[in-house]
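Below, each chain spelled out in residue letters.
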Amino acid sequence: MSTTRTIERTLPALRTVEGGGFVVHRPFPTRLLMDFDPFLLLDEMGPVDYAPGEAKGAPDHPHRGFETVTYVLEGQFGHKDSAGHSGTLREGDVQWMTAGAGVVHSEMPDPEFTRTGGRVHGLQLWVNLPRRDKMIAPHYQEIASGKIPIAVSEDGRVRVKVIAGEALGVKAAIETRTPILYQHFSLQPGASVETAVPRDFRVFAYPLAGAGFYGADRTPVRAQQMVLFNDDGESVTLAAGDEPLEVLLIGGVPLKEPVVRYGPFVMNTEDEIRQAVIDYQAGRMGAITH
Ligand code: MN
């Protein structure tokens with residue numbers, strides 16, 4: 001007999017300013033929640049409407065020891081890195097970047113977008129790497145919007161983009177280093193869904209738009225409030241109120257390893273952090289050719 005998970009607590013996202021000055025809503029890390037093992041950070045970038053010439057981004061910076069997952073909802077994000085890789089992520093696209101031993105990249109709007117301005121809305125999730133994978137060679141998985149598998153409920157009222165893991169019988173195209181689920185559910189008003197989650201996963205929901213009801217006791221939650229589920233069942237229940245509901249469901253198996261952070265480096269020990277700083281300063285993570 002399966003049971004659907006109850007809610008441990010809900011937390012509001014904090015509004016903050018990041019990188020070159022873009023506005024983010026951040027459910028974690030905050031003083032209330034440092035991480036959600038195996039995840040280190042979730043930023044909702046915008047939504048923000050840029051006037052011509054005002055679009056902001058994050059200029060050249062390094063990463064080591066984890067993965068950054070960028071998911072574009074509206075607008076576009078340009079990117080460029082020290083391995084000579086560059087491109088533009090557009091609406092619905094996902095970039096799963098495994099920084100591993102180290103990469104220097106920039107996340108900036110393209111010149112054309114900067115010129116015209118426009119709306120930007122997206123997400124960045126940081127996925128921690130287990131100790132054994134922290135120093136692997138960096139690599140990317142880029143999945144265009146049209147290549148992301150979609151599942152639809154039997155009644156047709158719930159649609160889910162399966163970025164990682166499996167939902168409603170549909171498997172993701174992306175491969176992850178440890179078991180991860182990352183799913184974007186769209187529910188019509190009044191619709192609900194009970195979706196399976198593996199027993200050993202820690203899972204949270206992050207609603208992007210619309211008020212909804214979550215968990216076994218149908219707790220009402222508004223957008224930009226993180227919902228932390230207890231590990232007490234094999235499914236999660238999501239339900240829309242009178243409006244359409246857009247919500248991310250994210251989970252993974254905890255690494256249960258020490259986490260030492262220093263800005264863009266996340267390792268297991270202080271010594272490894274010192275080494276990361278030395279390697280970055282010595283140019284061993286490369287540099288972007290401008
Ligand atoms: Mn970055």
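Being a predicted model, the structure only gives us computed values, none of them experimental.

## As for the coordination of the manganese ion
Tetrahedral coordination by four donors sets the ideal angle at the metal to 109.5 degrees; octahedral coordination by six donors sets it to 90 or 180 degrees. Only His-61 (NE2), His-63 (NE2), His-105 (NE2) and Glu-107 (OE) from the protein coordinate the manganese ion, and they sit 2.1 to 2.3 Å from it. Each donor residue of the manganese ion belongs to the same chain, and together they define the spacing H-x1-H-x41-H-x1-E. Residue His-61 is located in strand β5 (residues 58–63), and its partner His-105 is located in strand β10 (residues 103–108); the two are separated by 44 residues in the primary sequence. Judged by relative accessible area, which is 16%, His-61 ranks as buried. For His-105, a relative accessible area of 3% corresponds to the buried category.

## Let's talk about the UniProt feature "binding site: Fe cation" (unreviewed entry) in the protein chain
Residues given the UniProt feature "binding site: Fe cation" (unreviewed entry) here are His-61, His-63, His-105 and Glu-107. A stretch of 47 residues holds the annotated residues, and the largest C-alpha distance among them is 12.4 Å, short enough that they meet in one place. For His-63, the location among the structural elements is in strand β5. In contact with His-63, not counting residues within four places along its chain, are Thr-68, Met-97, Ala-99, Gly-102, Val-103, His-105, Glu-107, Trp-126, Pro-264, Phe-265 and Met-285. Here His-61 takes part through its side chain, which lies 3.2 Å from a polar atom of the side chain of His-63. Checked against the element boundaries, Glu-107 lands in strand β10. For Glu-107, a relative accessible area of 17% gives the class buried.

Definitions and cut-offs
- Residues numbered from 1 in each chain as written.
- Predicted model: local features only at pLDDT ≥ 70, side-chain atom pairs only at ≥ 80, totals over all residues.
- Heavy atoms only, no water.
- Donors = N, O, S within 2.8 Å, 3.2 Å for Na, K, Ca; no water.
- Helix = DSSP H or I, 4+ residues; strand = E, 2+ residues; numbered from the N terminus.
- Buried < 20%, exposed > 50% of the residue type's maximum accessible area, 1.4 Å probe, protein only.
- UniProt positions renumbered as here; feature names shortened; annotations may be inferred.
- Contact = heavy atoms within 4.5 Å.
- Polar contact = N/O pair within 3.5 Å; in protein donor to acceptor, adjacent residues only side chain to side chain.

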